[in-house]
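# Working through the structure, step by step
Residues per chain, in single letters:
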Amino acid sequence: MAIKELHHLTSDQLLRQKDLIKPSFAYQQGTFSCVGSTESFSIMSFTGKYELQSQENFEPFMKALGLPDDQIQKGKDIKSISEIVQDGKKFKITVTTGSKVLHNEFVIGEECEMEMLTGEKVKAVVQMEGNNRLVANLKGLKSVTELNGDTITNTLTMGDLTYKRISKRI
């Protein structure tokens, strides 16, 4: 089977083609190469737990969202944990910050209901750009989540205000 014929398959379908595909060195990253072929391609797997390492513009962004000052003060120094489970185009994302848990599920390209940081639920469509970037627009807020190796960078933009979170796989 040629690489060109494999590009539309999910990671589960690729794994079922084990007689045609062998894992390469970076298997945990989802990189595969075909037996007898010099071509290769990669499927980034977002699955994992990530701990917040740093953030920029937390307070001004949360104020602009309308979060109360006491919640902003409680949340600014807590290292949140994000858990992502990816099954092909289906994603389950749970972000735990102290006692607050934010849970969202979506399928790439399909409308879903997402819970915002304020607790408000809004309709959104999450798109995949390339093989490592998730993009969504939620009620005037643009969310871009990019995976590079073991680092996830989430950038939220509202008007000219940007909030950036950098998390590492744990």
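Below, the discussion takes up the overall build of the protein. Scanning the protein for helices and strands turns up 4 helices and 13 strands. Evaluated residue by residue, the protein yields a buried proportion of 35% over its 170 residues. Across the protein, every contact between residues at least 6 apart in sequence was considered, and the portion connecting residues at least 24 apart equals 38%.

Residues Phe58, Phe61, Met62 and Leu65 constitute the buried set of helix H3 (residues 58–65). What you see down the axis of H3 is that its buried residues fit within an arc of 95 degrees, all on one side. On its buried face, H3 sits against strand E4 (48–56), helix H4 (69–75), strand E11 (141–148), strand E12 (151–158) and strand E13 (161–169).

Moving on, we get to the pairing of strand E6 (residues 90–97). The sheet contact formed by strand E5 (residues 81–87) and E6 spans 7 bridges and is antiparallel. Its bridge partner lying in E6, glutamine 86 is registered against phenylalanine 91. Where E5 hands over to E6, the hairpin turn is made up of 2 residues, of which glycine 88 adopts a positive phi near 65 degrees. As paired strands, E6 and strand E7 (residues 100–107) are joined by 8 bridges and run antiparallel to one another. The residue bridging lysine 92 from the neighbouring strand is glutamate 105, located in E7.

So, about the packing of aromatic side chains. Tallied over the entire structure, the rule returns 4 aromatic pairs. Relative to phenylalanine 106, the ring of phenylalanine 91 has its centre 5.1 Å away and its plane inclined at 10 degrees; by these criteria the two rings are stacked. Of this pair, phenylalanine 91 sits in strand E6 while phenylalanine 106 sits in strand E7, placing them 15 residues apart in sequence. The residues phenylalanine 91 and phenylalanine 106 share a single accessibility class, namely buried.

This part is about the nonpolar core. Residues Met62 and Phe106 are the most contacted members of the largest nonpolar core, which totals 27 residues. Sorting the residues of this core by element identifies H3, strand E8 (111–115), strand E9 (121–129), strand E10 (133–138), E11 and E12 as the ones contributing at least two each. Element by element, the count of residues in this core is highest for H3, at 4 residues. Each residue touching phenylalanine 106, except ones within four places of it in the same chain, is listed here: Lys89, Lys90, Phe91, Ile93, Cys112, Met114, Val126 and Leu134.

Turning our attention to the pattern of salt bridges. This model, assessed by the stated rule, comprises 6 salt bridges. Here glutamate 59 ties to lysine 76 by a salt bridge, and the two come within 3.5 Å at their closest N and O atoms. One end of the pair, glutamate 59, is in helix H3; the other, lysine 76, is in the loop between H4 and E5, and 17 residues separate them in sequence. Residue glutamate 59 is classed as partly exposed on the basis of its relative accessible area of 28%. Residue class for lysine 76 comes out partly exposed when judged on its relative accessible area of 30%. Between lysine 63 and aspartate 69 there is a salt bridge whose closest N-O contact spans 3.4 Å.

Turning to the side chain of asparagine 104, a few remarks are in order. Its place among the elements puts asparagine 104 in strand E7. For asparagine 104, the side chain forms a polar contact with the main-chain nitrogen of glutamate 115, separated by 2.6 Å. If near-sequence neighbours (up to four positions away) are discounted, asparagine 104 is found in contact with Phe91, Lys92, Ile93, Glu113, Met114 and Glu115.

This part is about the sheet that holds E7. In spatial order, the strands read E7-E6-E5-E4-E13-E12-E11-E10-E9-E8; together these 10 strands make up an open sheet with antiparallel pairing. Both outer strands of the open sheet, E7 and E8, are each paired with one neighbouring strand and no more. Adjacent strand axes in the sheet meet at a mean angle of 25 degrees, parallel and antiparallel pairs treated alike. Each of E4, E11, E12 and E13 touches H3; the most contacted strand, E13, lies at about 120 degrees to it.

Analysis parameters
Residues numbered from 1 in each chain as written. Predicted model: local features only at pLDDT ≥ 70, side-chain atom pairs only at ≥ 80, totals over all residues. Heavy atoms only, no water. Helix = DSSP H or I, 4+ residues; strand = E, 2+ residues; numbered from the N terminus. Buried < 20%, exposed > 50% of the residue type's maximum accessible area, 1.4 Å probe, protein only. Contact = heavy atoms within 4.5 Å. Arc of directions from axis to C-beta. Pairing = 2+ DSSP bridges. Phe/Tyr/Trp six-rings, centres within 6.5 Å; stacked < 30°, edge-to-face > 60°. Core = buried A, V, L, I, M, F, W, Y, C linked by side-chain atoms within 4.5 Å. Salt bridge = Lys/Arg side-chain N within 4 Å of Asp/Glu carboxyl O. Polar contact = N/O pair within 3.5 Å; in protein donor to acceptor, adjacent residues only side chain to side chain. Axes fitted to C-alpha atoms, helices over the stretch in contact; angles between N-to-C directions.

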